[in-house]
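# Chain and residue survey
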Amino acid sequence: MDLKISVSNMISECVDWIRAAELPQGGLPSEYAGSYSCAWTTAGLLWAAWSAGTSFHEFYMRKALNWTVKNRNPDLGIPQLKQGDYSITDATGQTAIACTLAYHDTAEEFFREELDKCVKWLLYQQLGDTGWNWRYSSEASWLSSTVFAMLGLYCGLHFLGSKDDIQGAMDRTLDWIKRIQNADGGWGSCEGGVSRPAVTALVCSMLSCVDPEFDTAKAIHFILQQQRPDGSWSDTIDRPTALSIERIGTSYAIMALADCGYPLESREFRSAFAALTRSYEKGTFQFRDTEIVSWPTRDGLLALCSMGRRLKLDSCRAISDAVKRQSAPPSPPPARVEGAVVIQKSAPDKPVFRIELRPQGINSISVHSFDTPLGEAAHTANLPFTLDELPVILKALQVGKYTPDLFPPPETQVLEQLDLLDHGAGGGFKGDPLQVVGRCLYETVFQSDLEPAFRMAFNQSRKLREPLHLELRFPENAPSIARYPWELFHDGRRHLISGGAVELTRYISYPESRPPFELSRPLHILFASSRPRELGRLSADAEWTAVSTALQPYIEKKEVFLDRLERATYDALRERFEEGLYQILHLDGHGAYARLCPNCHAFHYPHYQTCLKCKASMETVKPAGFFAFEDNARRADFVSSQELQNIIITSKINLAVVSSCQSSLIQQGSVFGGLGPGLIQSGVPAVIAMQLDITSGSALKFAASLYGKLLQGVSLPAAIGAGRKAVFRQNEWYIPTLWLRSRT
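Overview of the structure. (Residues numbered from 1 in each chain as written. Predicted model: local features only at pLDDT ≥ 70, side-chain atom pairs only at ≥ 80, totals over all residues. Heavy atoms only, no water.)

## Thoughts on the overall build of the chain
To keep things clear, this is the line we draw: Under the scheme used here, helices are H or I runs from DSSP no shorter than 4 residues and strands are E runs no shorter than 2 residues, and both carry numbers assigned from the N terminus. Computation of the radius of gyration draws on C-alpha atoms alone. For the globule rule, the value is 2.2 Å times the number of residues to the power 0.38. The classification of residues rests on relative accessible area computed with a 1.4 Å probe and restricted to protein chains. Under 20% of the type maximum is buried, over 50% is exposed, and intermediate values are partly exposed.
Of regular secondary structure, the chain possesses 24 helices and 22 strands. The C-alpha atoms of the chain give a radius of gyration of 29 Å, which matches the 27 Å a tight globule of 744 residues would have. Its C-alpha atoms give the chain principal-axis dimensions of roughly 95 × 55 × 50 Å. Taken over 744 residues, the chain has a buried fraction of 59%.

## A word on helix α7 (residues 164–179)
Using the following cut-off: An expected span of 1.5 Å times one less than the residue number is assigned to each helix. Our arc is simply the arc of the directions from the helix axis toward the C-beta atoms.
Helix length check: α7 (16 residues) gives 23 Å between terminal C-alpha atoms against 22 Å at 1.5 Å per residue, within 8%. Every buried residue belonging to α7 is among Ile166, Ala169, Met170, Thr173, Leu174, Trp176 and Ile177, and all of these are buried. One side of α7 holds all its buried residues, which, seen down the axis, span an arc of 165°. Exposed residues lying more than 90 degrees from the buried face of α7 are Asp164 and Arg179.

## Brief notes about the packing of helix α10 (residues 249–259) against helix α12 (residues 294–310)
Under the convention used in this document: Axes here mean lines fitted to C-alpha atoms, for a helix over just the part in contact, with angles spanning 0 to 180 degrees between N-to-C directions. Roughly parallel refers to an angle under 35 degrees, roughly antiparallel to one over 145, roughly perpendicular to one between 65 and 115, and oblique to any angle outside these ranges. Crossing chirality is assigned from the near helix's rotation relative to the far helix, an anticlockwise turn below a right angle marking it left-handed and a clockwise turn marking it right-handed. Between two residues, a contact is recorded if the distance between any of their heavy atoms is within 4.5 Å.
Packing of α10 against α12 brings their axes to within 8 Å, and their N-to-C directions diverge by 20°. In this view, α10 runs roughly parallel relative to α12, as classed from their interaxial angle. For α10 against α12, the interelement crossing comes out left-handed. The residues of α12 that touch α10, namely those facing Ser251, Tyr252, Ile254, Met255, Leu257, Ala258 and Asp259, are Arg298, Asp299, Gly300, Leu302, Ala303, Ser306, Met307, Arg309 and Arg310.

## A look at the side chain of Gln583
Let me state the cut-off plainly: The definition of a polar contact used here is a pair of N or O atoms within 3.5 Å, where within protein one atom must be able to donate a hydrogen and the other to accept one, and adjacent residues in sequence count solely through side-chain atom pairs.
With respect to the secondary-structure elements, Gln583 resides in the loop between α20 (570–577) and β15 (584–588). One polar contact links the side chain of Gln583 to the main-chain amide nitrogen of Ser520, over a distance of 3.0 Å. Discounting residues that sit within four places of it in the chain, Gln583 has contacts with Glu518, Leu519, Ser520, Pro522, Leu523, His524, Lys652, Ile653, Asn654 and Leu655.

## Description of the sheet that holds strand β17 (residues 603–604)
Defined as follows: At least two DSSP bridges between two strands are required for those strands to pair.
Here we have 4 strands laid out as an open sheet, ordered β17-β16-β18-β19, and antiparallel in their pairing. The strands lining the two open edges of the sheet, one partner per strand, are β17 and β19 (636–640). Taken together, the 2 bridges between strand β16 (residues 591–596) and β17 define a ladder with antiparallel strand orientation. Its bridge partner lying in β17, Arg595 is registered against His604. Against the sheet, helix α21 (residues 641–648) engages β18 (624–630) and β19, with an angle of about 75° to β19.

## As for the pairing of strand β11 (residues 502–509)
In terms of burial, β11 is a largely internal element, 8 of the 8 residues being buried. Residues Val502, Leu504, Arg506 and Ile508 point to one face of β11 and Glu503, Thr505, Tyr507 and Ser509 to the other, with burial holding for every one of them. Sheet topology note: the strand β10 (residues 468–475)/β11 ladder contains 8 bridges and is parallel. In the strand pairing of β11, Glu471 is matched with Thr505.

## Digging into the pattern of salt bridges
Put simply, the rule is: Throughout this description, the term salt bridge denotes a Lys or Arg side-chain nitrogen within 4 Å of a carboxyl oxygen of Asp or Glu.
Throughout the structure, instances matching the rule amount to 33 salt bridges. For Arg72, the salt bridge goes to Glu114, with nearest N and O atoms at 2.8 Å. You can see Arg72 sitting in the loop between α3 (59–70) and α4 (89–106) and its partner Glu114 sitting in helix α5 (residues 109–125), a full 42 residues away along the chain. Residue classification places Arg72 among the buried positions, given a relative accessible area of 7%. Its salt-bridge partner being Asp419, residue Lys430 comes within 2.6 Å of it at the nearest N-O pair. Note that Lys430 is positioned in the loop between α15 (409–417) and α16 (433–445) and Asp419 in the loop between α15 and α16, a separation of 11 residues in sequence. Overall, Asp419 belongs to the partly exposed group, its relative accessible area being 47%. The structure contains a network of salt bridges with shared partners spanning Glu451, Arg455, Asp491 and Arg494.

## Examining the side chain of Arg724
Quick note on the threshold: Charge counting treats Lys and Arg as positive and Asp and Glu as negative, with His and both chain ends excluded.
Within the fold, Arg724 resides in helix α24 (residues 716–726). As a buried residue without a salt bridge, Arg724 has its nearest oppositely charged side chain in Glu487, at a separation of 4.9 Å. Not counting chain neighbours up to four residues away, the residues in contact with Arg724 comprise Glu487, Ile497, Ser498, Phe702, Trp733, Tyr734 and Pro736.

## What about the packing of aromatic side chains?
Defined as follows: The criterion for an aromatic pair is that two Phe, Tyr or Trp rings (for Trp, the six-membered ring) have centres within 6.5 Å, with stacked assigned to planes under 30 degrees apart, edge-to-face to planes over 60 apart and tilted to the rest. Ring-over charges, as used throughout, are those where CZ of Arg or NZ of Lys falls within 6 Å of the ring centre and within 35 degrees of the ring normal.
For the structure on display, the rule yields 25 aromatic pairs. Geometrically, the ring pair formed by Tyr510 and Phe672 is edge-to-face, given 4.9 Å between the ring centres and 80° between the ring planes. With Tyr510 in the loop between β11 and β12 (518–521) and Phe672 in the loop between β20 (655–658) and α22 (675–681), this residue pair connects regions lying 162 residues apart in the sequence. Looking at Tyr510, the relative accessible area reads 10%, which means it is buried. Grouped by ring-pair contacts, the aromatic residues Phe353, Tyr442, Phe446, Phe454, Phe458, Tyr484, Trp486 and Phe489 constitute a single cluster. Here Lys395 stacks its cationic end above the ring of Phe407, 4.9 Å away from the centre of that ring. The positively charged end of Arg473 is found above the aromatic ring belonging to Tyr507, 3.7 Å away from the centroid.

Rendered as C-alpha cells:
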C-alpha cells in the first residue's frame, strides 16, 4: 500500500481507539482499554490525538482534559495517576501542552489559567541551570523529563503574559543540553550517561520545535548508526524509579528523523516504518511482552503524525503550528474536494454548550456538563412527565386546543393530575401547551450550577449577536430520554430554539468514529417521493416543487443537481446509491413508528403486543421506524431503519432529510430504532427528521427554507433555524430534530 495511505489509515484508527478508550469516570486509561484513569497518560494521548487533527471541541477531549486538571495537586503539579500521588514532570509538561492546544482551539480562558499553573510548577521545579528530574528530588536532571518540561514551557512562552522568567529557564536548559551532548552526537539518560538513541531522538524532536536553528545532523547520524538490521531500535529510557521502558526507541527515532527532515523515501526510513508497523494492531502500538498499549500508542501516533506532516496529510498538526498563532484560534484553510467548492464543512468554529442526559431510575435523569463557563456541573432531576404520561402530553401539543371529544377520560385524568386543564368558563388548557411543556423541560435540565452557567454562555452569545450551540447527548440505550421534545425549551421569557437564539442539536453517544461532514458544489441531491396508493393522500408534487423552486437559481448555474426518484422503490434507491454521486438524501412520504407482526406483516402501534389481525404474539418484536416505499404495484412497502442502514452505510450521503411523520420518534430498545436516528448509525453525519406528525404544508415550507439557506453557505443548524421560522405560526417549528455526529 502507498506510504501516505498507510500512515493516514493508521492515524485514523489510533484516534478511534483513543476516543473509544474514554473511561466513564473521566480520563484515558493507564495501560490498556478499560484500565484505570491516569493523568500522565491522558495528557499524552490528548496531545497525540490533537496532533492527528482532533479538536478540543470534541466532548471526550474536553472531558478528559478537565478530569486531568481536576486531579492537580495542591503544589500545582500533575500527579502520575491521581491527586495525592507525586507530581511528576512528564505529566505536568504534557498537561501544559494539552491546555495550550485546548486554548488554541477554543480561546477559553479556563485552559489558559490551567496552562499558567503548569508553567509555574515547572519553573519552580527546575534544577538550577540544568533541566528537570522525573519528580522533584536532589538527583541529576533526566533528559526525557526535561524534553516534556521544555515543550510545556515553550507553549507557555507564547500564550502567557509574563515571558522573561520562562525564556530565562528555557535558555539555561538549552545551553545545558548543548553542553552535555556526547562526542558521538548522542545524549544519555542523564548528564554523562552513555548515548542512547531513544533519548537522543526525543531531544532532537524537541529541538526541532523549540530551537529549530540547532544543528542536529550529528545526532541524526548517531541515531542511524544504532538502527538494527530489521529497521528497529532496541533501547531503554532510564527513570529514577528503576523502571526501564523498552521498545519505544523506534517511535522516537521516526519522530526525530521526520521532524529533522530526513528523506522519507530512504531505505533507512522505510525500514524503520516497517519495524514500527510490526508493533501495531487495531489502532494501538503495544509492548510485545506486556498488556501496556496507552504509552506506546501515544508515541506511535506522534511518530505517525510527524510522518504525516512530511507527507502533507492535512489532518496532522505540530505544537509549533499552534503557538505561532498565539491565542487566536486557527481558521481552517479552504478545503479542496476534487476541484469542488466547499459550502458546508465540519469546523470547530463556535463554542458548544454540551449537556449529557442519562437515565437515573425509572422517571429521573442525570444531567452533566463538563465544559461550562463555570466549570463542571451535574445534578439529578425528576422528569416532569412519566413515560406513561408523555404520549398524552405529545398529543396535547399537537392538537393545541383541548376538547373532551379528543381526549377520552383516562387521558383527561392525566392532564388534570398534571394541572394542565383550566376548569373555569369554557375549559381548555392552562396557557399555551408549548410554553407550559417547554418551561417544565427547561427547569428539569437547568438546575443547580448548570442554570447560571448556561445563562452566562447565553448572555455572551447574545452580546456577540451569535446563536449559542446547545448539544444534547443521549446514550444509545436510552430512547426514553430522547423521546422528550427538548426543542421546546422555554426559559420563562421565550422559546430558546424557535427564533434561533439557541441552536439545539442531538448527539448519540456510542463507541464509533465520527464521520466528517462536508457539502460541496456541485451538490448532488436525491429526492425520493413515495406515494403508495392505499395510504393517506399526499400531494404528488407540492414538496418537490417547493424544494426545486428554492434551488432553481443554483440549478441553473449547475451548482446543484437535483434528481427525483418518482417511483421510490427500495431497489431503485439502492441502485441510485451505487452510483456514488449523492451527498444529500431527501425522503418525502409516509413514515411510522410501529410493531410489524412477524406472521401477517400487519402494522400496529408500539403498545400492542398481540396482532389485532391474526392474534399472533408480538412481545419479542421491537418497535422500529419505517418509511413507506412503493413496490412494483405501487402498494406500500414498509422499510425499517435497519434495512435503510444496509444500503446507506457505503454511500457518500452527508445529510439526510426525512420529512415524513414520526421519522424521529423513539420509544423502546435503542435510540437507533427510530428512522432518522438509525441513519446516524449507518454513518450519515447529519440527519433531519420529524419527532411527531407534521402537516404537509409545514413540511414543504420547512424544506424550502432549509435548502435556500443551506446553499447560501450558512451552517446547518442556522439553516434549520430558518426552516423553523417559516413554520412558526403553524406551531410545528419544534417538530424537526437535528441529529449530528459531526460539528457543522
